[in-house]
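# Inside the fold
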Amino acid sequence: MKIQPMKLRDLAGRDFPEIAELMAGPAGELDVKGISSDSRKVVPGMLFAALAGSKADGSAYIGDAAARGAVAAIAGHPADAGIPVLAVSSPRRLLALAAARFYGAQPETMVAVTGTAGKTSVASFTRQIWAYAGFAAAQIGTTGVVSPTRNDYGSLTTPDPVELQKLLAELAAEGVTHAAMEASSHGLDQSRLDGVRLSAAAFTNLGRDHMDYHPTVESYMAAKMRLFDTLMPKGSLAVIFADDPWSEEAIRVATASGLDVRTVGRKGNYLCLKRVEHFRHKQTAEVHFGDEIFEVDIPLAGDFQVANALVSAGLAMSTGVAAPVAITALEKLVGASGRLELVGHTRDGALAYVDYAHKPDALENVLTSVRPFTTGRVIVVFGCGGDRDKGKRPIMGEVATRLADVVIVTDDNPRSEVPEVIRSEIMAAAPGAIEIGDRSQAIREAVRMLNSGDTLIVAGKGHEEGQTIGATILPFSDHVEVRKALEELKS
């Protein structure tokens, strides 16, 4: 994919009056051949974005970028660096808009989904419904990028704006017309999506998460709501799950922003869920759309997956898929990797699942979801990551011991923290739990405990293929470890 150089004034646009005079002069005529927010990756002809981070201010690296050949820089304040500096109130937003103009093309129909849980599943399900309807579709999010020509593993829920816009241009070039992406609170707060031309957006739910980044739950919700009150054009479509405690606030913000609000769920006015029957490997749901009544078998376990499926159907229907086609597609859904994913079973039928649940609400949802079809015990293996919200650790310990019959507390991604300390903070609120630090050993022990009718949930890492200890990422997969333990049990 070849990108042509652009004039700096064309990249800057007219969104920031404070640089209008600068762009009207010789600086505006500069040719820009690329954009980077990492001075080490700057090559001659690039625009450097000097962003303030939690540990360093990128303005300190403008000189380095200039020495490497940067023709100009974006910053939050003026700087004397020998190159023009576009000093604006929101350098992150200017970067996102400039990246969108530089790469240009995007899939014609873009949708974004935000919320604490369910983003990956909704993005995946929406892509699958579009594909069933005959569209060339893609998804972007925590598990990576999936399109008709690629399945690339990733790690960031919302990529940085330069990488994101480059990716969107690549998808458009390969013929993708419809793309669904996850919108994390970090990504929204840091303006990473500000250059994405959205046709519709969705909200799933809100629970405790990222309290190491957001000072309050209210500020966390406000970051999520940037999707509705800042990024979505008036009159565009907002699909909102209606049954969450924060649904009313999401509806209020979307309505006040002039969006066309469509709610789904038991309280939904667009897709209304009237009845659900739970089975071991599927759920049968009765869904009303206006005067039409559909009965659909969703091949996934868990009430939350019904909610995700309805949000996805709402997004697909709001972007051109007929209701009967979207509802029929729900019967063919494949769950996203590591989202209540059935990995295997014992000889006598005990089920073993891997789930990404790494926050209190998600853990509660997954443990509650397997109870209706579990005739024996619910066994859960989980831990909490280091260098993240410490307040959720005892909360997750309480959730696990309240909803599971057997709890094994183990390590997740301890990062720079002492693993024993993390486990002790969970154990303090988990009376009767078993502590096994080695995650492989914890999984083997849990599998050995399984009897007929039991259900095992290995929670926290989901699709991840590594475990971060200190600054090192070691190869590790819950899927692989569960399968190995099941094979050992059968041998």
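Above this text you will find the structure in question.
Let me begin by describing the structure that accompanies this report. Remember, predicted model here, so these are calculated numbers, not experimental data.

Let us now look at the packing of helix H10 (residues 303-318) against helix H11 (residues 323-330). In contact at an axis separation of 9 Å, H10 and H11 are set at 150° when each is read in the N-to-C sense. Relative to H11, H10 is oriented roughly antiparallel. For the pair H10 and H11, the sense of crossing is right-handed. Along its contact with H10, which presents Ala-309, Ala-313 and Met-317, the element H11 presents Ala-323, Ala-326 and Leu-330. For the contact of H10 with H11, a count of residues per class yields 6 nonpolar, no polar and no charged.

This part takes up the environment of Ala-65. Mapped onto the elements of the fold, Ala-65 is located in helix H3 (residues 62-67). The exposure class of Ala-65 is buried, given its relative accessible area of 0%. Sequence separation of Ala-65 and Lys-41 is 24 residues, and the distance between their C-alpha atoms is 8.6 Å. Residues contacting Ala-65, with those up to four places away along its chain left out, are Ser-39, Val-42, Phe-48 and Ala-70.

Looking now at the packing of helix H4 (residues 91-103) against helix H6 (residues 161-173). It is the contact of H4 with H6, at a shortest axis distance of 9 Å, that shows an interaxial angle of 25°. What the angle tells us is that H4 and H6 run roughly parallel. For H4 against H6, the interelement crossing comes out right-handed. In contact with Leu-95, Ala-96, Ala-99, Ala-100 and Tyr-103 of H4, H6 contributes Pro-161, Val-162, Gln-165, Lys-166 and Ala-169. Its residues assigned to classes, the contact of H4 with H6 shows 8 nonpolar, 1 polar and 1 charged.

This brings us to the environment of Glu-445. Take Glu-445: it is sitting in helix H15 (residues 439-449). Look at Glu-445 and you get partly exposed, because its relative accessible area is 29%. When the C-alpha positions of Glu-445 and Ala-485 are compared, they lie 8.5 Å apart, and in sequence the two are 40 residues distant.

So, on to the pairing of strand E21 (residues 406-409). Neither face of E21 is exposed, since Val-406 and Ile-408 on one face and Val-407 and Val-409 on the opposite face are all buried. Judged from the 4 bridges that link them, strand E20 (residues 378-382) and E21 form a sheet pairing that is parallel. Looking at E21, one finds that Val-381 is bridged to Ile-408. Crossover connection from E20 via helix H13 (residues 392-403) to parallel E21: handedness right-handed. Sheet topology places E21 next to strand E22 (residues 434-435); 2 bridges connect them, and they run parallel.

What follows concerns the side chain of Gln-190. Of note, Gln-190 is situated in the loop between helix H7 (185-189) and strand E12 (200-203). Given the relative accessible area of 17%, Gln-190 is considered buried. Within the structure, the side chain of Gln-190 is placed 2.7 Å from the side chain of Arg-192, a separation counted as a polar contact.

A few words now on the sheet that holds strand E8 (residues 137-141). The 11 strands lie next to each other as E10-E9-E8-E11-E7-E12-E13-E14-E15-E16-E17, forming an open sheet whose pairing is mixed. Where the open sheet ends on each side, the last strands, each with one partner, are strand E10 (150-152) and strand E17 (292-298). For this sheet, the mean angle separating the axes of adjacent strands, direction not counted, is 15°. Pairing analysis gives 5 bridges linking strand E13 (residues 237-241) to strand E14 (residues 260-265), with the strands arranged parallel. Looking at the pairing, Ile-240 lines up with Thr-263 of E14. Sheet strands in contact with H10 are strand E7 (109-114), E12, E13, E14, strand E15 (271-278), strand E16 (283-289) and E17, and its direction is about 145° off that of E15.

Counted according to the given criterion, the structure contains 3 aromatic pairs. Look at Phe-102 and Tyr-103: their rings are 5.1 Å apart centre to centre, the planes differ by 90°, and that puts the pair in the edge-to-face class. Taking the ring centre of Phe-279 as reference, the NZ or CZ of Lys-282 above it sits at 5.4 Å.

Conventions used here
- Residues numbered from 1 in each chain as written.
- Predicted model: local features only at pLDDT ≥ 70, side-chain atom pairs only at ≥ 80, totals over all residues.
- Heavy atoms only, no water.
- Axes fitted to C-alpha atoms, helices over the stretch in contact; angles between N-to-C directions.
- Helix = DSSP H or I, 4+ residues; strand = E, 2+ residues; numbered from the N terminus.
- Parallel < 35°, antiparallel > 145°, perpendicular 65-115°, else oblique.
- Left-handed = near helix turned anticlockwise from the far one by under 90°.
- Contact = heavy atoms within 4.5 Å.
- Nonpolar A, V, L, I, M, F, W, Y, C, P; charged D, E, K, R; others polar.
- Buried < 20%, exposed > 50% of the residue type's maximum accessible area, 1.4 Å probe, protein only.
- Pairing = 2+ DSSP bridges.
- Right-handed = clockwise from strand over helix to strand, strands pointing away.
- Polar contact = N/O pair within 3.5 Å; in protein donor to acceptor, adjacent residues only side chain to side chain.
- Phe/Tyr/Trp six-rings, centres within 6.5 Å; stacked < 30°, edge-to-face > 60°.
- Lys NZ or Arg CZ within 6 Å of the ring centre and 35° of its normal.

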